[in-house]
Amino acid sequence: MVIKQKHLIAFEIYYLMVVEVLIDLFHFPDMIRYVLDVNAIFIAVLALPKITLILSDKVFKYFNSYIIIYMAVIVAFSVLMSTPFGRILWATRNNYLYIVFFLCCAYTMKSGDFSDIMRNIARFQLFNVGCAAYEYIALNCQGDALGGMFGIQPGCNGLLNNYLFIITIWAIVMFQHGKISLPYLLWIIVSSVALAAAAELKFYFIELAFIILANIALSRANIKNGFLVIVAVVLFFVAIQIVSQINPDIVRFFSNFDTVTTYSTENYGNTTISRGTAIAQINSYFFHHDKLLNLFGYGFGSCESSQSFAWANSSFANHYSYLGYRNLSVSMIFLETGYAGLIGFIAIFVLLFIFAQKYKDKVTKGKDIISVAQITSLLAIANIWYNSCIRRETAYLTFFVLAGLLIAVRERDKKESENNGDDKNRKRIKIRIRRRIKFI
């Protein structure tokens, strides 16, 4: 039996949607979470024959090469700094396995398969709402312990936020392209607003406004955009009513500019490192403005920790885990790889945004997929500062969505090559016919 990689990729995404519920609500062992990693590694092994295609892609060869060189340099530098192999391996799992999965998706899937999975991801919202309702009513969970289908562990609302902003982007873009109805769009946004209010996801409301504005700004002016503005205004007032009923503190939060400003510099949960000042705090607590540490950090894997594997725990984590630096991707990446690693990582998303802007008007099929990936790339950067989800299992979902850009552009190039080949064959046939006519 031949195992198709697209089925393994689909399993990866769908399993991600249920694994936390299995662990938290049905009390399965935590170790079943690592099925995601085993499956991702299996997908990567099956994709090894495509490495030449990845490195020789006409459009993305330099981008793909940059990603591979970036990851290799970060790991090599850590080896030179004598970081134990186990910690490097664990850091690779936490940071780069998702990127490898991204490349596998981009070079093994077709746009039709990708679109089918995206539609199913949005359909999981019903399951998500059902889980959240049970947690909120029966288990009395709320705030950062309310994650819907992402469980009830502290911080699970960050995973929920990652899912909500992705399906919100998808729904708005699909509506703009006439691929879903207005009632379905309203279902996605209204249910997401309700979940965000119950889970105290203040940042989601900022993301929602940004998604609508970015979608309008990055697309051509048309009637759909004008209608989207009207829908957005109506949704704004509907959202206020929903939020005021579920969590009136969020309405008061956004009505006070001082609290919004403070939000970026206040402590996050059980951490003393805040979102807006993480780099400055790390400099103050650990680097003491040392130029070499600022540039390269302590080394990839030097600050890692794990509840499941003792060999992945670092002495740094044993001493300073109480600071909660692992709760924010920006602090973790900066600690281990400095400005070089942080800027290099952000550059991946910036380049994806640029590619999307360049090619979305050049494709005849897949503009919607590219638009979803483009806006996702921007929110992925924002979430590096907001939480740690780009280093957790939901990163598989984020990088899957981003892979849609490469899939759509590659299919365009493939069709162009086929058309060019057909044109060349026609010219050859015409030349042969003319030669025969002259001979006669």
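Residues numbered from 1 in each chain as written. Predicted model: local features only at pLDDT ≥ 70, side-chain atom pairs only at ≥ 80, totals over all residues. Heavy atoms only, no water.

## Brief notes about the overall build of the protein
In step 1: Along the protein, the regular secondary structure elements total 19 helices and zero strands.
In step 2: Counting every atom, the protein has about 20600 Å² of accessible surface; 64% of that belongs to carbon and sulfur. (Helix = DSSP H or I, 4+ residues; strand = E, 2+ residues; numbered from the N terminus. Areas by Shrake-Rupley, 256 points an atom, 1.4 Å probe, with all protein chains shown as cover.)

## Quick word on the pattern of salt bridges
In step 1: With the rule as written, the count across this model stands at nine salt bridges.
In step 2: In this structure, Arg-410 and Asp-57 form a salt bridge, with 3.3 Å as the shortest nitrogen-oxygen distance. Pair noted here: Arg-410 is in helix H19 (residues 395-439) and Asp-57 is in the loop between helix H3 (51-56) and helix H4 (61-80), with a separation of 353 residues, a long-range link.
In step 3: With a relative accessible area of 8%, Asp-57 lands in the buried category.
In step 4: The partner of Asp-116 in a salt bridge is Arg-119, and the shortest N-O contact between them spans 2.2 Å. (Salt bridge = Lys/Arg side-chain N within 4 Å of Asp/Glu carboxyl O. Buried < 20%, exposed > 50% of the residue type's maximum accessible area, 1.4 Å probe, protein only.)

## Remarks on the side chain of Asn-157
In step 1: Relative to the assigned elements, Asn-157 resides in helix H8 (residues 156-176).
In step 2: From its side chain, Asn-157 meets the backbone oxygen of Ala-199 in a polar contact 3.1 Å long.
In step 3: Apart from residues lying up to four places away in sequence, Asn-157 is in contact with Gly-143, Asp-144, Leu-146, Ala-199, Glu-200 and Leu-201. (Polar contact = N/O pair within 3.5 Å; in protein donor to acceptor, adjacent residues only side chain to side chain. Contact = heavy atoms within 4.5 Å.)

## Quick notes on unusual backbone geometry
For residues besides glycine, phi is generally negative; the peptide bonds are generally trans as well.
In step 1: Here the phi dihedral of Asn-140 falls at roughly 60°; this positive angle occurs in a residue that is not glycine.
In step 2: With respect to the helices and strands, the residue Asn-140 is situated in the loop between helix H7 (111-137) and H8.
In step 3: The phi torsion at His-288 lies on the positive side, around 50°, for a residue other than glycine.
In step 4: Within the element layout of this structure, His-288 appears in the loop between helix H14 (278-287) and helix H15 (291-296).
In step 5: For His-288, a relative accessible area of 54% gives the class exposed.

## A look at the packing of helix H9 (residues 182-198) against helix H10 (residues 202-217)
Each pair of packed helices can be summarised by the angle the axes make with each other and by the distance between the axes.
In step 1: It is at 8 Å that the axes of H9 and H10 come closest, and there the two elements cross at 150°. Taken as axis vectors, H9 and H10 run roughly antiparallel relative to one another. Two packed elements cross with a definite hand, and for H9 against H10 that hand is left-handed. Between H9, through Ile-189, Ser-192, Val-193, Ala-196 and Ala-197, and H10, the contact on the second element is made entirely by Tyr-204, Phe-205 and Leu-208.
In step 2: Its residues placed into classes, the contact of H9 with H10 shows seven nonpolar, one polar and no charged. (Axes fitted to C-alpha atoms, helices over the stretch in contact; angles between N-to-C directions. Parallel < 35°, antiparallel > 145°, perpendicular 65-115°, else oblique. Left-handed = near helix turned anticlockwise from the far one by under 90°. Nonpolar A, V, L, I, M, F, W, Y, C, P; charged D, E, K, R; others polar.)

## Here we look at the nonpolar core
In step 1: Counting residues in hydrophobic clusters, the biggest one holds 143 residues, and the most contacted among them are Phe-102, Ile-121, Tyr-163 and Phe-400.
In step 2: The contacts of Phe-102, once residues within four sequence positions are left out, are Phe-63, Ile-67, Leu-352, Phe-399, Leu-402, Ala-403 and Leu-406. (Core = buried A, V, L, I, M, F, W, Y, C linked by side-chain atoms within 4.5 Å.)

## Notes on the packing of aromatic side chains
In step 1: According to the stated counting rule, one finds 35 aromatic pairs in the structure shown.
In step 2: Note on Phe-63 and Phe-355: the rings are 5.6 Å apart at their centroids and 70° apart in plane angle, and the pair reads as edge-to-face. Residue Phe-63 is located in helix H4, and its partner Phe-355 is located in helix H17 (residues 329-359); the two are separated by 292 residues in the primary sequence.
In step 3: Taking 5.3 Å as the distance between ring centres and 50° as the angle between the ring planes, the aromatic pair formed by Phe-287 and Phe-334 counts as tilted. Residue Phe-287 is located in helix H14, and its partner Phe-334 is located in helix H17; the two are separated by 47 residues in the primary sequence. (Phe/Tyr/Trp six-rings, centres within 6.5 Å; stacked < 30°, edge-to-face > 60°.)

## Side note on the packing of helix H2 (residues 35-46) against helix H6 (residues 97-108)
In step 1: Running from amino to carboxyl end, H2 crosses H6 at an angle of 45°, the nearest separation of the two axes being 9 Å. In terms of their interaxial angle, H2 and H6 are classed as oblique. In this structure, the crossing between H2 and H6 has a hand that is left-handed. Contacts from Asp-37, Ala-40, Ile-41, Ile-43 and Ala-44 in H2 reach Leu-97, Val-100, Phe-101 and Cys-104 in H6.
In step 2: Across the contact of H2 with H6, the residue classes break down as eight nonpolar, no polar and one charged.

## Looking at H9
In step 1: Taking 1.5 Å per residue as the helical rise, H9 with its 17 residues ought to reach 24 Å, and the 24 Å between its terminal C-alpha atoms agrees with that figure.
In step 2: All of the buried residues in H9 are Leu-185, Ile-188, Ile-189, Ser-191, Ser-192, Val-193, Leu-195, Ala-196, Ala-197 and Ala-198.
In step 3: One or two steps after H9, the chain reaches Glu-200, where phi turns positive at roughly 55°. (Expected span 1.5 Å × (residues − 1).)

## Quick word on the state of the cysteines
In step 1: Inspection of every chain in the model, using the stated rule, returns zero disulfides.
In step 2: For Cys-141, which is in no disulfide, the shortest distance to another cysteine sulfur is to Cys-156 and amounts to 7.6 Å. (Disulfide = S-S within 2.5 Å.)

## Digging into the environment of Ala-198
In step 1: Along the chain, Ala-198 falls in helix H9.
In step 2: On the accessibility criterion, Ala-198 (11% relative accessible area) is buried.
In step 3: For the pair Ala-198 and Ala-132, spaced 66 residues apart in sequence, the C-alpha separation works out to 8.7 Å.

## Section: the side chain of Asn-162
In step 1: Here Asn-162 shows up in helix H8.
In step 2: Overall, Asn-162 belongs to the buried group, its relative accessible area being 3%.
In step 3: Reaching out from Asn-162, the side chain makes a polar contact with the backbone oxygen of Thr-394 at a distance of 3.4 Å.
In step 4: The residues contacting Asn-162, other than those within four sequence positions of it, are Cys-389, Thr-394 and Thr-398.

Shape is all these values report; function is a separate question.
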